[in-house]
Amino acid sequence: MDLCRLTIHEAHELLTRREITSIELTSAVFDRIVEVEDRTGAYIMLVKDRAMAEAAAADEMIRQGKGGPLTGVPLAIKDILCTEGIRTTCGSKILENFIPPYSSTVVNKLKRAHAVIVGKTNMDEFAMGSSTEHSALKVTRNPWDLTRIPGGSSGGSAVAVAADECIGAIGSDTGGSIRQPASHCGVVGLKPTYGRVSRFGLVAFASSLDQIGPIAKDVADCAILMNEICGYDPNDSTSVPREVQDYTRALQAGLNGLMVGIPTEYFAGGVDEDVTQAVNAAINVIEGLGATCKSVSLPHTQYAVAVYYLIAPAEASSNLARYDGVRYGFRDKEAEELIQMYRDTRSKGFGSEVQRRIIIGTYALSAGYYDAYYGKASQVRTLIMQDFKQAFETCDVLLAPVAPTPAFRLGEKLDDPLAMYLSDIFTLPASLAGIAGISVPCGFSKDGLPIGLQILSKHFDEEKLIRVAYNFEQATVFHTERPKL
Amino acid sequence: MKITKKEVVHVARLARLNLDEEAIELYTKQLGDILTYMDTLNRVDTEDVPPTSHAIFINNAFRKDKVKASVPVGRALANAPRSEDGSFVVPKVIG
């Protein structure tokens, strides 16, 4: 048996029955990494010694009959989450040697659950990108076709899961950065409702949009990870004090009586034929499982790209002002004067996409342009939210594609930022509205590239996402397919 | 032109970024394209529509004003590019 291929729930069962140890499981994962990592490039850094020590401690707990669903399970963490004593780069040269003095709340929760941390995964610099190509540190390739992008910005986490270089992973989603790479890599990714998971210790990109979530081999694993990472945190005043349900209970309910909305704007053209076909077939499967489907309209969908690419850069330009070379991170040491030091540090430390977004954001917030750009975008954001609110008055969930095409080729959109931004059209609206979304494998293109189905729910209704995704997954075989590496 | 080279230079200065001539040229063109696309928003009637800056409704998140332990000075300085005597060192500010 190839242990690295296990899901979290399978691994947990074998660990609890003492048929395998966490040491064996963790070793199998590192063996797999040695085998494929030079082709996939999922990780920025591995922490093998720590991981083996954590595995040994987990084994001891299990021997004593203690521990939970994640005890001894090797996980990959997107390199945007602070890990005490472990380098956290955010895919940027400016943080290349940054060793956080504390861990993010999510990492602390995973540690308390005695999960094993394998390493930190690659990402677009400061999570700004849809292909992981904007990482300043390395290239990550799609395991289904090494000439293609893995999606982004959580590309490394999605690849680590798809290529069995971990058992499960954590990513973050600002405009689709969990759902889109999960879709492109044929794995499951869930973006929780804004405020459901603490952002404490998550390197900030766009604070009104950023949210942490799981990337996993199947829906049950997503539910297990959600149980561990959700909840209010006094260290994050935007996390919501609301009880966390046991999401694994959503795995038991069927779809009878469920009302499913199909937003016409997500099928209006410009969508790849294979994607349309796979998503339509998925809708039929879900209808066959007892749900009722009906058309709905989200008329402001077409404005989501413009709204997002003003609001997110505006927030980023403010958040990234902290990288000044004074307290942490890279400093250009040649400058003799303070302002020059700031400018040289930031110009040499940030990559071109980050600088581009800082300039857009600064412009959108600057005197004379604030109302026309940031102000206008914030108003249209309200209309996008109202569209969803209205749809969820009669629908439990909405079904849509995750991305207009399967994974594009490395380099294909690198010189055309607007083309790259437009590829986010189907994930941005949910981010702007703060609602929850999941991507679950629903087919393959003619070229054998994975395609994801996006399921959206209203705020704090992740239970329904998991319920629909699980019923669909169990009725289909796509999640059992693995890339041939 | 949606945005001029002069405006790009001005914004870069506000954002504390150096741009060389080539970058100014490139960003002026790319930002022009991007901002032209943003103009699609002008088709939307937003009269009387309130802006949204936060998707979830939360009232002020108050907490007790209690003294808690903080990161010790040594650890807070551990990542500093330059530090001395418990302080961050920066280049001269006043000549």
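What counts as what
- Residues numbered from 1 in each chain as written.
- Chains lettered and ligands numbered in written order.
- Predicted model: local features only at pLDDT ≥ 70, side-chain atom pairs only at ≥ 80, totals over all residues.
- Helix = DSSP H or I, 4+ residues; strand = E, 2+ residues; numbered from the N terminus.
- Rg over C-alpha atoms; globule rule 2.2 N^0.38 Å.
- Buried ≥ 20, exposed ≤ 12 C-beta atoms within 10 Å, placed from the backbone.
- Contact = placed C-beta atoms within 7 Å.
- pLDDT = per-residue confidence, 0-100.
- Nonpolar A, V, L, I, M, F, W, Y, C, P; charged D, E, K, R; others polar.
- Pairing = 2+ DSSP bridges.
- Axes fitted to C-alpha atoms, helices over the stretch in contact; angles between N-to-C directions.
- Parallel < 35°, antiparallel > 145°, perpendicular 65-115°, else oblique.
- Left-handed = near helix turned anticlockwise from the far one by under 90°.
- Core = buried A, V, L, I, M, F, W, Y, C linked by C-beta atoms within 7 Å.

Draft legend 1. Representation of the overall build of chain B within the structure. Within chain B, the secondary structure is distributed over 3 helices and 2 strands. Along its sequence from the N terminus, chain B presents helices and strands in the succession α-α-α-β-β. A globule of 95 residues ought to have a C-alpha radius of gyration of about 12 Å, yet chain B, at 23 Å, is considerably larger. Each of the three principal axes of chain B carries a C-alpha extent, and together these read 55 × 45 × 25 Å. Per-residue burial for chain B yields a buried fraction of 18% across its 95 residues.

Draft legend 2. Main features of the overall build of chain A. From N to C terminus, chain A includes 15 helices and 11 strands. Relative to a compact globule of 485 residues, whose C-alpha radius of gyration would be 23 Å, chain A shows 21 Å and is just as compact. Projected onto its principal axes, the C-alpha positions of chain A cover 65 × 55 × 45 Å. Classification of the 485 residues of chain A by burial places 64% in the buried group. When contacts within chain A are restricted to residue pairs at least 6 apart in sequence, long-range pairs at least 24 apart make up 76% of them.

Draft legend 3. Examining the confidence of the model for chain B more closely. Looking at chain B, the pLDDT average stands at 93 and 98% of residues meet or exceed 70. Model confidence for the complex: the whole-complex pTM is 0.97, and ipTM, which rates the interface, is 0.96.

Draft legend 4. Inspection of the interface of chain A and chain B at higher detail. Facing the 55 residues of chain A at the interface are 42 residues of chain B. Of all elements in the fold, only α9 (304-319), α10 (338-349), α11 (352-365), α12 (371-394) and α13 (417-422) of chain A reach the threshold of two or more residues within the side of chain A that touches chain B. Tallied by class, residues from the side of chain A that touches chain B come to 29 nonpolar, 16 polar and 10 charged.

Draft legend 5. Focus on the sheet that holds strand β3 (residues 116-121) of chain A. Residues and elements named next belong to chain A. If you trace the 11 strands from one edge of the open sheet to the other, you get β1-β3-β2-β4-β6-β5-β10-β11-β9-β7-β8, paired in mixed fashion. A strand with exactly one partner marks an edge of an open sheet, and here the two such strands are β1 (43-46) and β8 (292-296). Recorded for the sheet is a direction-independent mean angle of 30° between the axes of neighbouring strands.

Draft legend 6. Structural context of the packing of α11(A) against helix α2 (residues 21-38) of chain B. Relative to each other, α11(A) and α2(B) sit at 55°, their axes nearing to 11 Å. Between α11(A) and α2(B), the interaxial angle falls into the category oblique. Considering only the axes of α11(A) and α2(B), their crossing is right-handed. From α11(A), A:Arg356, A:Ile359 and A:Ile360 reach across to α2(B), where they touch B:Tyr27, B:Gln30, B:Leu31 and B:Ile34.

Draft legend 7. Inspection of unusual backbone geometry at higher detail. Put simply, A:Gly152 and A:Ser153 share a cis peptide bond, and its omega is 10°. Considering the arrangement of structural elements, one finds A:Ser153 in the loop between β3 and α5 (155-162). Here B:Asp85, not a glycine, exhibits a phi torsion of approximately 50°, which is positive. Tracing the chain through its elements places B:Asp85 in the loop between β1 (83-84) and β2 (87-88). We classify B:Asp85 as exposed; it has 6 C-beta atoms within 10 Å.

Draft legend 8. Looking closely at α5(A). Residue and element names in this part refer to chain A. Among the 8 residues of α5, 8 are classified as buried, and the element is accordingly described as predominantly covered. The complete set of buried residues in α5 reads Gly155, Gly156, Ser157, Ala158, Val159, Ala160, Val161 and Ala162. Positive phi appears at Asp164, one or two residues downstream of α5, with a value of about 60°.

Draft legend 9. The arrangement of the nonpolar core in detail. All names here are of chain A. Ranked by internal contacts, the top residues of the largest apolar core, which has 163 residues, are Leu75, Val188, Val307, Leu310, Ile359, Ile455 and Ala469. Once residues lying within four places of it in the same chain are set aside, the contact partners of Ala469 are Val188, Val219, Ile438, Val440 and Ile455. Counting 6 residues, the second largest nonpolar core, distinct from the first, contains Trp144, Ile149, Phe408 and Leu410.

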